[in-house]
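Here is how the chains run, residue by residue.
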Amino acid sequence: MKKYLVTGAAGFIGANFVKYMLSKYDDIYIVILDKLTYAGNLGTIKNEIEDSRVEFVLGDICDKEKVSEIFSKHDIDYVVNFAAESHVDRSITNPQLFLETNILGTQNMLECAKQAWTTGKDSNGYPTYKDGKKYLQVSTDEVYGSLSKDYDQPQPLEITDEEVKQVVKGRTDIKTYGDKYFTETTPLDPRSPYSASKTSADLIVRAYNETYKMPINITRCSNNYGPYHFPEKLIPLIIKNILEGKKLPVYGKGENVRDWLYVEDHAKAIDMVLNSGRVGEVYNIGGFNEETNINIVKLVIDTIARIMKEEPSYQSVLKVPVEMINYDLITYVGDRLGHDMRYAIDPSKTARELGWYPETPFTVGIEKTIRWNLDNQDWVEEVASGDYQKYYEQMYKNR
């Protein structure tokens, strides 16, 4: 039985990873370590922590004693580190918190894993490790900085490599806003306190591999979307505001471009890297899904308006008349400081080496995401109001 230590698994991507793994494998055991900050919702994984294959530990990745205790209690095979402060706007107002969690927390996780897995030294003095161990750092495309937006209107993207074509299997509307993409060899060039902290974490992970020969991988993903997404990020925030008839804030002119990835496809990729990724390697995870922020907002408006008209039963979640779901909700606000213009990942290496490709076209994924939000308004309201803390107190006040 493989044992996983998954940090930050009460958050968006981590929770979806745990759900995916438990549904795919029967013979696994997952220890969840989460501090339950504002974006960590215990209610998101309430079914999972009742599973006999899961143990929840309340704690901070910076807490050496707590992390070491987990390694002492369990023979952990894989560490998957999702835990991070992750919102750019918050990093601009409080950068020190991001440095503490994302850099020092990562180093603490690495050191505890190294100590638990080390069996001795080889003839050159490097540590040797137990078989089958790996530390995976979940990172972001933001460590690469910003790409140029070369076209105001998207241009068709042609892919000639047969293996890479699997990444866009079944899609006919592949487009791009620029000539260049982030690859695993793109120089790191972070522009915000958040991305600088994640870059630093990546470099620490890399250093443990080079200095101590520790078995590691780093994955760098594009913007994720899907169920259980905390409503401060673009897509869930827009959905929530539309249903409440509130204005939809769009930075600048909404021309910034992001590459979008359905969260379950990301979970699938991480699983494949854990099992088949070459030790020491970085793998980019994206799906050639470039779109401007303003077009994302308009697509969400159009999709919700269509669903409400085609399936009137959903109108019960609206706090405004359905006629008010239109582009008049859009309001342009002052641009974010240092706002990166374009992100676009080239996942060719991941496709070639691991056979991974994103299974969810964006138009399908965005409707699935909207419908999940419509069907799970209780979750959205709990997260937004903080009522999920009551669930935490009920479950753990006597433990």
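One can find the structure itself at the top, above this paragraph.
One structure accompanies this document, and this report is about it. A quick note: this is a predicted structure, and the numbers were derived from the prediction, not measured.

Overview of the pattern of salt bridges
This structure, assessed with the given rule, holds 26 salt bridges. For Arg191, the salt bridge identified is with Asp189, shortest N-O distance 2.9 Å. Since its relative accessible area comes to 35%, Asp189 is described here as partly exposed. With a shortest N-O distance of 3.0 Å, Lys246 and Glu244 are connected by a salt bridge. The exposure class assigned to Lys246 is partly exposed, which follows from its relative accessible area of 44%. Put simply, Arg306, Glu310, Glu311, Glu367 and Arg371 are held in one network by salt bridges that share partners.

Some thoughts on the nonpolar core
Counting 41 residues, the largest nonpolar core has Leu5, Phe71, Trp117, Tyr135, Met214 and Phe288 as the members making the most contacts within it. For this core, the element with the highest residue contribution is helix 4 (residues 95-117), accounting for five residues. Not counting the four nearest positions on each side in its chain, Met214 is found in contact with Leu110, Ala113, Lys114, Trp117, Tyr129, Tyr135, Tyr208, Asn209 and Val279. Counting 36 residues, the second largest nonpolar core, distinct from the first, contains Ile45, Leu136, Val273 and Trp356.

Looking at the state of the cysteines
One pass over the structure, following the stated rule, counts zero disulfides. Among the cysteines around Cys112, which has no disulfide bond, Cys62 carries the closest sulfur, lying 11 Å off.

Brief notes about the sheet that holds strand 2 (residues 28-34)
Ordered by their spatial adjacency, seven strands build an open sheet running 3-2-1-4-7-10-14, and the pairing between neighbours is parallel. In the strand order of this sheet, the two ends are held by strand 3 (54-58) and strand 14 (282-285), each with one partner. The average angle at which neighbouring strand axes cross in this sheet is 20°, direction not considered. Relative to strand 2, strand 1 (residues 2-7) runs parallel, the two sharing six bridges. Pairing of Leu5 across the sheet is with Val31, part of strand 2.

Points about the packing of helix 8 (residues 293-310) against helix 10 (residues 362-375)
Contact geometry of helix 8 with helix 10 gives a least axis separation of 10 Å together with a crossing angle of 60°. It follows that helix 8 is oblique to helix 10 by the angle criterion. The way helix 8 lies across helix 10 gives a crossing that is right-handed. Counted together, Ile296, Leu299, Val300, Thr303, Ile304, Arg306, Ile307 and Met308 of helix 8 and Phe362, Ile366, Glu367, Ile370, Arg371 and Leu374 of helix 10 form the full contact between these two elements.

Some points on helix 4
For helix 4, built from 23 residues, the straight-helix expectation of 33 Å at 1.5 Å per residue is met to within 8% by its first-to-last C-alpha distance of 33 Å. Considering bend angle alone, the principal kink of helix 4 is centred on Gly105 and spans about 25°.

Digging into the packing of helix 6 (residues 234-244) against helix 8
Helix packing for two helices is described by the angle between their axes and how far apart those axes are. Where helix 6 meets helix 8, the axes come as close as 10 Å, and the angle between the chain directions of the two elements is 45°. What the angle tells us is that helix 6 and helix 8 run oblique. With respect to the hand of their crossing, helix 6 and helix 8 are arranged in right-handed fashion. Contacts from Leu234, Ile235, Ile238, Ile239, Ile242 and Leu243 in helix 6 reach Asn293, Ile296, Val297, Val300, Ile301, Ile304 and Met308 in helix 8. Tallied by class, the residues present in the contact of helix 6 with helix 8 amount to 12 nonpolar, one polar and no charged.

Section: the environment of Gly43
Following the sequence through the fold, Gly43 ends up in the loop between strand 2 and strand 3. Each C-alpha atom of the pair Gly43 and Trp379 lies 7.7 Å from the other, and the pair is 336 residues apart in sequence.

What about helix 2 (residues 64-73)?
Every buried residue of helix 2 is listed here: Val67, Ile70 and Phe71. Seen end-on, helix 2 carries its buried residues on one side only, within an arc spanning 95°. Opposite the buried face of helix 2, by more than 90 degrees, sit the exposed residues Glu65, Ser72 and Lys73. In this structure, the buried side of helix 2 is in contact with strand 1, strand 2, strand 3, strand 4 (78-81) and helix 4. The residue sitting at the N-terminus of helix 2 and contributing the capping side-chain oxygen is Asp63; that oxygen lies 3.2 Å from the backbone nitrogen of Glu65.

Remarks on the side chain of Asn209
Note on placement: Asn209 falls in helix 5 (residues 193-212). With a relative accessible area of 12%, Asn209 lands in the buried category. At 3.0 Å, the side chain of Asn209 forms a polar contact with the backbone oxygen of Met214. Once residues within four sequence positions are removed from consideration, Asn209 is found in contact with Met214, Ile216, Val279 and Gly280.

Rules and cut-offs
- Residues numbered from 1 in each chain as written.
- Predicted model: local features only at pLDDT ≥ 70, side-chain atom pairs only at ≥ 80, totals over all residues.
- Heavy atoms only, no water.
- Salt bridge = Lys/Arg side-chain N within 4 Å of Asp/Glu carboxyl O.
- Buried < 20%, exposed > 50% of the residue type's maximum accessible area, 1.4 Å probe, protein only.
- Core = buried A, V, L, I, M, F, W, Y, C linked by side-chain atoms within 4.5 Å.
- Helix = DSSP H or I, 4+ residues; strand = E, 2+ residues; numbered from the N terminus.
- Contact = heavy atoms within 4.5 Å.
- Disulfide = S-S within 2.5 Å.
- Pairing = 2+ DSSP bridges.
- Axes fitted to C-alpha atoms, helices over the stretch in contact; angles between N-to-C directions.
- Parallel < 35°, antiparallel > 145°, perpendicular 65-115°, else oblique.
- Left-handed = near helix turned anticlockwise from the far one by under 90°.
- Expected span 1.5 Å × (residues − 1).
- Bend = angle between axes of the 7 residues up to and from the residue.
- Nonpolar A, V, L, I, M, F, W, Y, C, P; charged D, E, K, R; others polar.
- Arc of directions from axis to C-beta.
- Polar contact = N/O pair within 3.5 Å; in protein donor to acceptor, adjacent residues only side chain to side chain.

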